[in-house]
Amino acid sequence: MSPFWKQFAIIFWLFYVLSASLLIFMNGFLLSRDEFTDKASCVNKSSVQYSDKLNLQVCTDSKSQKLVLLIVDALMYDFANFDVNNKQPLPYQNKMPIFMDLVKSKPRNAKLLKFIADPPTTTMQRLKGLTTGSLPTFIDAGSNFASSEIAEDNFLDQLNRSGRSVVFMGDDTWTSLYPNRFKREYPYPSFNVWDLDTVDQGVVKHMEPELKKKGWDLIIGHFLGVDHCGHRFGPEHPEMSRKLREMDDFIRNLVGMLDDETTLIVIGDHGMTANGNHGGDSAAEVTAAIFVYSPHSELFPASGEPVPQVMQVDLVPTLSSILSVPIPFSNLGTVITEVLPRVESDWPALLIDLVNNANQVNQYITKYHSYGGQFSDELVARLSREHMELVVKATKLKNLAGFHEFVADVRRYLGSVKLMCEEVWVQFDLASMVLGCFATLAASFAVFIVISAIPVQEFIDFASTKKLSLALFVSVATSVISWLFLGAFLEFSCFMSLFLIVVFIFINRHEANNHLKAIKQSKSLIDLNILSAIVLLISLFGLGSDNFVVEEGFAVSILTAALIASLFFFWVERKQKPAHLFYGLLSYQKLAFTAFIAAFFALVWSLALYWQCREEQSWCQSLPSTDLNKNGKLYQQVAFTPLIFHTFPVLANWYWLKKNGNLVSNELTSQFITYLPILTTVLSIMYWVLESLPAHLLKKTVQWDLQILPQICFLLILISFLCLLYDPLLVHVVHPREQVPEGRADLVPYLFHQVKSALNRNGKKGVCAVYGLSTAFSSAASVVGLLLYQLLSLLQGSKVVPALVITLIALMLLIIIASVSRLNTIVLPGQLVYVPWFAVVSWALLSVVCFYGTGHNATFPGIQWQAAFVGTSGQFSSNFLPGLLIIASTFSSQILFGVLLPLLLVAPLTVLSINGGLARQDVKEKAANGEMFIYEKSSLTEQGLFMLCVKYILVLFLRVYLKNSLETVVV
């Protein structure tokens, strides 16, 4: 096995130990609940007595033969409410007067209420809650991207079992969750958030014909235009006004088509933030609207004070009551009596609905408690007594006043049950979390000792023998045995690997002691590493504070700037006399170093202009959610900003490679790497200009341009990368007797240079010229960075291009600053390929700064869904491709910093070859060959790269672990 694969095996092993310990912790951290496949049923009223059948539902008569349920995705309450006193409404305000018109003209037949969702406010979880009445947990949110069939009892299955017919049209998520449930279905692709009209037009097209048909009991129409408009443009865009007016016109026409046997319910599944996103738990995201209209019957009057809002889980028992089907088994909602089409004298029928609701919930918690035992025995017993009292009380009701009191009692009881379930389902598995914490801390400390105290060569020698294979075999064998007999493969494999690492450290304790003594010779480097550890710990343990989590982008920017600023003070020679200190600060090296640091500060703080603010950051102003401004006119100037910023990386990279001789060759590979990135830049700008056109102009263009242009860009990036992979060393060798190529336009200058070079050889044969040798390694990395930038800029859009360019420049400045600092603080030449902790920590912190600086944040609304539609039609047979594009966009800074990590090792030698004046004279003399030092000291370089990778993995691991564990403590 080659040294490379030996080191790779070691890194993989250490990475597995860290990952396994984190997974043990996450098993206790991720919240979940048990799901049952039990189906609710009902019995005839004549065959049941309330006093002895406490868990049965009684079959009821239909109160409305037919129901139309419209889901206007992201219909927040502010969209539906009409404020007559608002004389200057925003684009999303006062655009749907139909609801208020009906409430005022027919107050006993129509109601508009706030409709509060349980987070997470992702569409799939909301649909699950709206059909089953259950509560989502955190682990459910991941299934929003891969919707699978729902097995829990739901009102659609109850309708099918009762012989009722359901017709569906709209968002195809329904047909994924409930296949083969609909008599007729008209699904439309839902993932393309750039398409505002296709789904809505499909619902409008099929609604009227279906209304006129016979043989249906429920029609479901799910509109997506409002939600997609929010994602693409935000709520304050003219397109939002258009979509809301379209909804208003459609509902107004629909009301006129309803017969006296049909009830209309219009709901929103969630709201949206000021940026048009959703997924979290802010008031704007959870506050949707529900509107109920019954043309044939008055709605039941409120019991006591009118309720200003209802929970979304309450829809399920309400629909079940209207359609006279059993309430689904796992429901935790409460019947909304105020929206049932019943007059006041029908309270005895409503009494049966409420008792059914209480019986169903009691049956569910009894089953859940007996199955998992998560609920408190005392609390379950108390709730059972309350339920029995309610059932007994129901048998004694004689008048309407008593019924109103009973409604309040049922709501209190069901509210207590829901609260108990919420509290239990946010409890963590403390045993797994404690075990994971211990494993994580032990693994982190062990890995830190390995890479900081034990010489890398000892680990390499260990991998060269059969000891590593034997250790891995023992670890895997014991883990498999434990899995077969105890079902605990992950835990045993993690702790067995930890044990073997500890044994290795103990065996090499003497070498570790000698290695630490050698490191202590560099006092300033030790101080820097200690300071870096302090800064890293502040950034990690600060995550235990809510305020730090909300302001993490700002806080990490300060910590990164402080760590970089400290490099200057550690560079000042301690032995320098005070009288000479001022003049020492005016040296060329320190002036240049100061300029680099000042420029770095400016770039870091400029990234704040591109933050996407959280709801809690009232002081913050987000980058607009779209390339179009509120007036839709930015297409007239959208090319300007990308043109200036987007051309900078490709031109700067071309100049850099030309200047250092890496692109002087006429070979095909060199030509591809020279011109393909330029062509990619031009095509991407063309794509952004087309994309920014307003809707009425965009319809006149060739639609496939929006797909083919980014696809060509992706292809050019791939070709460039393959060329670099085929010939990664961008060097050109000119042999002494090289033949003159034919067809050269610059033949005379070429011959002149050949003659001149021959004269300079003074008759010495065999001498050749090599171009680009001093930057052979960094040139390949710069090309990779350019290609990555072009890929990520396509995914994130023109609005983020300036931030990505700033990220690249800040990254390069950090490399230069760390390199200059190392060139003036190292003791031995071999330390040139040793990347200290302060550089790794600064690199990791800057990646976090750039994560926020490129328009992301650590919330569900912060996900930029539009990346899934770059170069695609928006219609996918699987979620792999859109998921991959969204992940690449979301973690663009982490990907960029991770791929370019080796530059931290190479950069000091690159700086030496470009400007030796930035280094001490003794260092300059010992590494005069620039990056060829890597080739000359290949063994040291491999060891340095190994340590760099493990350090970076450890820092990232600590961030992921402590972010989850400390936020758990906060919760």
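All figures in this text were calculated on a predicted structure; none of them were measured in a lab. (Residues numbered from 1 in each chain as written. Predicted model: local features only at pLDDT ≥ 70, side-chain atom pairs only at ≥ 80, totals over all residues. Heavy atoms only, no water.)

Asker: Even after reading the chapter, I still don't get the pairing of strand β3 (residues 66-72), so can you show me in this structure?
Answerer: Looking along a regular strand, one sees side chains alternate from face to face of the sheet. Across the 7 residues that make up β3, a large majority, 7, are buried. Along β3, one buried face is formed by Lys-66, Val-68, Leu-70 and Val-72 and the opposite face, lined by Leu-67, Leu-69 and Ile-71, is buried too. Alignment of β3 against strand β7 (residues 218-223), held across 6 bridges, turns out to be parallel. Its bridge partner being in β7, Leu-70 is matched across the sheet by Gly-221. (Buried < 20%, exposed > 50% of the residue type's maximum accessible area, 1.4 Å probe, protein only. Helix = DSSP H or I, 4+ residues; strand = E, 2+ residues; numbered from the N terminus. Pairing = 2+ DSSP bridges.)

Asker: Honestly, the side chain of Ser-893 in this entry has me stumped. Any pointers?
Answerer: Looking at the secondary structure, you find Ser-893 in helix α34 (residues 892-899). Under the relative-accessibility criterion, Ser-893 is labelled buried at 4%. For Ser-893, the side chain forms a polar contact with the main-chain nitrogen of Phe-851, separated by 3.3 Å. Residues in contact with Ser-893, not counting those within four places in the same chain, are Ser-847, Cys-850 and Phe-851. (Polar contact = N/O pair within 3.5 Å; in protein donor to acceptor, adjacent residues only side chain to side chain. Contact = heavy atoms within 4.5 Å.)

Asker: What's the story with the packing of helix α31 (residues 801-823) against helix α32 (residues 837-853) in this structure? I'm lost.
Answerer: When two helices pack together, their arrangement is captured by the angle between the axes and the distance separating the axes. Interaxial distance between α31 and α32 falls to 11 Å at its minimum, and their mutual angle equals 170°. Considering their axes alone, α31 and α32 lie roughly antiparallel with respect to each other. Here Ala-803, Thr-807, Ala-810, Leu-811, Leu-814, Ile-815, Ala-818, Ser-821 and Arg-822 of α31 come into contact with α32, specifically with Phe-838, Ala-839, Ser-842, Trp-843, Leu-846, Cys-850 and Gly-853. Classifying every residue of the contact of α31 with α32 gives 11 nonpolar, 4 polar and 1 charged. (Axes fitted to C-alpha atoms, helices over the stretch in contact; angles between N-to-C directions. Parallel < 35°, antiparallel > 145°, perpendicular 65-115°, else oblique. Nonpolar A, V, L, I, M, F, W, Y, C, P; charged D, E, K, R; others polar.)

Asker: How should the environment of Ala-358 be read in this particular structure?
Answerer: Note on placement: Ala-358 falls in helix α12 (residues 347-372). Take Ala-358: its relative accessible area is 3%, and that puts it in the buried class. Remark: the alpha-carbon pair of Ala-358 and Leu-414, spanning 56 residues in sequence, is separated by 7.1 Å. Not counting residues within four places of it along the chain, the set of residues in contact with Ala-358 comprises His-387, Tyr-413 and Leu-414.

Asker: Even after reading the chapter, I still don't get unusual backbone geometry, so can you show me in this structure?
Answerer: Across residues other than glycine, the phi torsion is negative in most instances, and most of the peptide bonds are trans. Even without being a glycine, Asn-94 presents a positive backbone phi close to 60°. Within the secondary structure layout, Asn-94 lies in the loop between α2 (77-80) and α3 (98-105). You can call Asn-94 buried: its relative accessible area is 15%. The phi dihedral of Ser-324 falls on the positive side, at around 60°, and the residue is not glycine. Relative to the elements of secondary structure, Ser-324 occurs in the loop between α11 (315-323) and α12.

Asker: Help me out: how do you make sense of a nonpolar patch on the surface in this one?
Answerer: Together, Trp-654, Tyr-655, Tyr-675, Ile-678, Val-682 and Met-686 give the surface a local cluster of nonpolar side chains, amounting to about 610 Å² of exposed area. Of all the secondary-structure elements, those providing two or more residues to the nonpolar patch are α25 (640-659) and α26 (668-691). At 4 residues, the largest contribution of residues to the nonpolar patch is made by α26. Tracing the backbone through its elements, the reader meets Tyr-675 in helix α26. (Patch = residues over 30% accessible without salt bridge, like charges linked within 9 Å, V, L, I, M, F, W, Y side chains within 5 Å. Areas by Shrake-Rupley, 256 points an atom, 1.4 Å probe, with all protein chains shown as cover. Salt bridge = Lys/Arg side-chain N within 4 Å of Asp/Glu carboxyl O.)

Asker: Hey, could you run me through the confidence of the model for the protein in this one?
Answerer: Taken residue by residue, the protein gives an average pLDDT of 79. The fraction at 70 or more is 76%. No element of the protein has a lower mean pLDDT than helix α23 (residues 578-585), which averages 46, and none a higher one than β7, which averages 94. Segment residues 572-584 is flagged for pLDDT under 50; beyond a separation of four residues in sequence, or across chains, it makes 7 contacts in the model. When the criterion is pLDDT under 50, residues 625-639 qualifies, and its contacts beyond four places in sequence or with other chains add up to 35 contacts. (pLDDT = per-residue confidence, 0-100.)

Asker: Looking at this structure, how should I read the sheet that holds strand β9 (residues 287-293)?
Answerer: Either a parallel or an antiparallel arrangement is found when strands of a sheet pair, and the pairing is made through backbone hydrogen bonds. Sheet architecture is open: 8 strands sit in the order β6-β5-β7-β3-β8-β9-β4-β10, paired in mixed fashion. Among the strands making up the open sheet, the edge pair consists of β6 (184-188) and β10 (309-311). Each adjacent strand pair in this sheet contributes to an overall mean axis angle of 20°, direction not counted. Bridge count for strand β5 (residues 166-171) against β7 is 5 bridges, and the pairing is parallel. Opposite Met-169, over in β7, you have Gly-221 as the bridge partner. Strands in contact with helix α7 (residues 198-212) are β3, β5, β6 and β7; relative to β7, the strand with the most contacts, it is inclined by about 160°.

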